[in-house]
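# Fold and geometry: a report
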Amino acid sequence: MGKVGKAAAPEMSDEEFESKGRATLDEYLNIRDMKEACECISELGSPERMHLFVRLSIEHVLEMDAKSRLATGSLFHKLIKENLLSVQQYLQGLNEVLEFADDMAIDIPLIWEYLGELMGSMIQDKRQSIDYLGKALEPVKPSGKAGLLLAEILRTAEKNIGAEDLNDLWQSTGLTWDQFVPSDENVLDFVKSKKLEYTLRKSKADPIALMMKELGFMLAQGKCDNDHIFDWIKKNTDPELTKQKDFIRALVTVVCQSTIEGESIRCDPELLKFRAKCLLRYIDGDVDRELQALFAVQALNHKLVNPPGFLRIIFDVLYDEDVISEETFYAWQNSKDPAEQNGKGVALKSVTSFFAWLGEAEEETPS
């Protein structure tokens, strides 16, 4: 008789998942150990059902005290940051609550304030993206309460990161109040009544700095595809700006930074190859932009104190992926521009072998 294999554990039902999820949330709210909560949620082993955790968590704490709602929003933020919860799953779970929010307001008059605390406490990092707010508020637009909920979200977020940084984030989304405030209401009066008139001012921040902040956060997520990057730039950046040297240098810097792994500060060549399409799109074979890209890499290398092999890996990928031409590499090597001398000598030494290889490759190429 053959050996009997160990029976597989039965799959957890939705009811069991929700029961364990609720118990995990209660324990977190009791001891406020974020790390342990993330570990327990990871051990549930049902990443495809995380939208259920979002929905049950919101329902569970909705009528608790403000501290519990704020702590739950903070947990959502952490779960997304740790890739235990996707933004799409969060929106799905949230939608399952918001589609009934107007009806629930009959029994819970302060529901918009409560939901604002839950959603606003997710905004804790001035580098994070809040583009998702547009989709998040869709379910309450028919009731005319989208503007009210948005105001409560931003008021809570302001307490976390301050008005200036919050305005930077708000401006970066491209969203406007008239998308959420009912058409029969005066937008200016509404926003002033909520003491959020600063969101009507254009951000004082440099558009390049804003771009680096936003793209840096998006690229740090790892799973963000290049099309998403293209869409964000198209939506938030003046087409003329994308041709300027400051834009190119900022884009190259933030892309290369996103490929750094480990304490040894090593560039992940495969990730850089994947992101090379972002650079190709905007450098577009323009010699001046190519040279600015190399100056940006030189500056980043200098800032990082010349990590061993860092510049060579980047040069190899930029060459192999046709981002930078041979002529531009030589132009960078021979450049005497006094504004670009910081770190130039050390950078040249670190890529001596690259230029030796480039010269040999030229000699082997038939004329």
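Residues numbered from 1 in each chain as written. Predicted model: local features only at pLDDT ≥ 70, side-chain atom pairs only at ≥ 80, totals over all residues. Heavy atoms only, no water.

### What about the overall build of the protein chain?
Of the regular secondary structure elements, the protein chain holds 20 helices and two strands. For the protein chain, the spread of C-alpha atoms along the principal axes amounts to about 80 × 80 × 35 Å. Per-residue burial for the protein chain yields a buried fraction of 47% across its 367 residues. With an accessible surface of roughly 19100 Å², the protein chain has 50% of that area assigned to carbon and sulfur atoms. (Helix = DSSP H or I, 4+ residues; strand = E, 2+ residues; numbered from the N terminus. Buried < 20%, exposed > 50% of the residue type's maximum accessible area, 1.4 Å probe, protein only. Areas by Shrake-Rupley, 256 points an atom, 1.4 Å probe, with all protein chains shown as cover.)

### Some details on the confidence of the model for the protein chain
Parts of the prediction with low pLDDT should not have their coordinates interpreted in detail. Mean pLDDT for the protein chain: 89, with 94% of residues reaching 70 or above. pLDDT under 50 marks residues 1-9. Its contacts with residues more than four places away, or in other chains, come to zero contacts. (pLDDT = per-residue confidence, 0-100. Contact = heavy atoms within 4.5 Å.)

### A closer look at the packing of aromatic side chains
This structure, assessed with the given rule, holds 17 aromatic pairs. Aromatic side chains Tyr90 and Tyr132 sit 6.1 Å apart centroid to centroid with 85° between the ring planes, which places their arrangement in the edge-to-face category. Note that Tyr90 is positioned in helix H5 (residues 87-98) and Tyr132 in the loop between helix H7 (111-120) and helix H8 (133-136), a separation of 42 residues in sequence. For Tyr90, a relative accessible area of 1% translates into the label buried. With a centroid separation of 5.7 Å and an interplanar angle of 45°, the aromatic rings of Trp170 and Trp177 are classed as tilted. The class for Trp177 is buried, based on a relative accessible area of 3%. Taken together, Phe315, Tyr319, Phe329, Tyr330, Trp332, Phe354, Phe355 and Trp357 form an aromatic cluster joined through their ring pairs. One cation-aromatic arrangement involves Arg281 over Phe230; the distance from NZ or CZ to the ring centre is 3.7 Å. The ring of Trp332 carries the charged tip of Lys344 above its face, separated from the ring centre by 5.1 Å. (Phe/Tyr/Trp six-rings, centres within 6.5 Å; stacked < 30°, edge-to-face > 60°. Lys NZ or Arg CZ within 6 Å of the ring centre and 35° of its normal.)

### Considering a negative patch on the surface
Together, Glu27, Asp33, Glu39 and Glu43 make up a region of like negative charge exposed at the surface. Relative to the assigned elements, Glu43 resides in helix H2 (residues 34-43). Note on Glu43: relative accessible area 65%, which makes it exposed. (Patch = residues over 30% accessible without salt bridge, like charges linked within 9 Å, V, L, I, M, F, W, Y side chains within 5 Å. Salt bridge = Lys/Arg side-chain N within 4 Å of Asp/Glu carboxyl O. Lys, Arg positive; Asp, Glu negative; His and termini not counted. Charge placed at Lys NZ, Arg CZ, Asp CG, Glu CD.)

### Examining the packing of helix H4 (residues 66-81) against H7
The N-to-C vectors of H4 and H7 enclose an angle of 40°; their axes lie 6 Å apart at closest approach. Here Ala66, Arg69, Leu70, Thr72 and Gly73 of H4 come into contact with H7, specifically with Tyr114, Glu117 and Leu118. A breakdown of the residues in the contact of H4 with H7 according to their chemical character gives four nonpolar, two polar and two charged. (Axes fitted to C-alpha atoms, helices over the stretch in contact; angles between N-to-C directions. Nonpolar A, V, L, I, M, F, W, Y, C, P; charged D, E, K, R; others polar.)

### Observations concerning H7
One turn of an α-helix holds 3.6 residues; hence residues three or four places apart share an orientation. Judged by how many residues are buried, H7 sits mostly within the fold: nine of ten residues are covered. Among all positions of H7, only Ile111, Trp112, Tyr114, Leu115, Gly116, Glu117, Leu118, Met119 and Gly120 are buried. Tucked into the core, H7 has its buried residues touching helix H3 (50-61), H4, H5, helix H6 (101-104), H8 and helix H9 (146-161).

### Description of empty space enclosed by the protein
All told, the structure shown has one cavity of 30 Å³ or more when counted by the stated rule. In this model, the largest cavity occupies a volume close to 30 Å³. In terms of lining, the largest cavity is formed by Thr24, Glu27, Tyr28, Ile31, Asp33, Glu36, Ala37 and Cys40. Secondary structure elements with two or more residues in the lining of the largest cavity: helix H1 (14-31) and H2. With four residues, H1 is the largest single contributor of residues to the lining of the largest cavity. The residue inventory of the lining of the largest cavity, partitioned by class, reads four nonpolar, one polar and three charged. (1 Å grid on protein atoms, 1.4 Å probe; cavity = no way out; pocket = protein on both sides within 12 Å on 5 of 7 lines; lining within 4 Å. Points joined across faces, edges and corners; volume = space filled by probe spheres on them.)

### Side note on the side chain of Thr24
Of note, Thr24 is situated in helix H1. Judged by relative accessible area, which is 11%, Thr24 ranks as buried. With residues near it in sequence (within four places) discarded, Thr24 still touches Ala37, Cys40 and Ile41.

### Quick notes on the pattern of salt bridges
Counted under the stated rule, the structure contains 14 salt bridges. Across the pair Lys145 and Asp102 runs a salt bridge, and its minimum N-O distance is 4.0 Å. Of the two residues, Lys145 is situated in the loop between H8 and H9 and Asp102 in helix H6; the sequence distance between them amounts to 43 residues. Bridged by salt links that share partners, the residues Glu18, Arg22, Arg55, Glu59 and Glu96 form one connected network.

### Some words on the nonpolar core
What tends to happen in soluble globular proteins is that the nonpolar side chains get buried as a cluster. Formed by 63 residues in total, the largest nonpolar core has its most connected members in Tyr90, Leu115, Tyr132, Leu149 and Trp177. Among the elements that line this core, the one with the most residues is H9, at eight residues. Once you skip the residues sitting within four places of it in the chain, Leu149 turns out to touch Leu98, Trp112, Leu115, Gly116, Met119, Leu137 and Val140. One finds Met218, Leu219, Phe230 and Phe329 within the second-largest nonpolar core, a separate group that totals 50 residues. (Core = buried A, V, L, I, M, F, W, Y, C linked by side-chain atoms within 4.5 Å.)

### Considering helix H12 (residues 207-220)
Here H12 contains 14 residues, and its C-alpha end-to-end distance of 20 Å stays within 8% of the 20 Å for a straight helix at 1.5 Å per residue. Buried within H12 are the following residues: Ile208, Leu210, Met211, Lys213, Glu214, Leu215, Met218 and Leu219. Buried residues belonging to H12 abut helix H10 (163-173), helix H13 (226-236), helix H14 (245-257) and helix H15 (269-283). (Expected span 1.5 Å × (residues − 1).)

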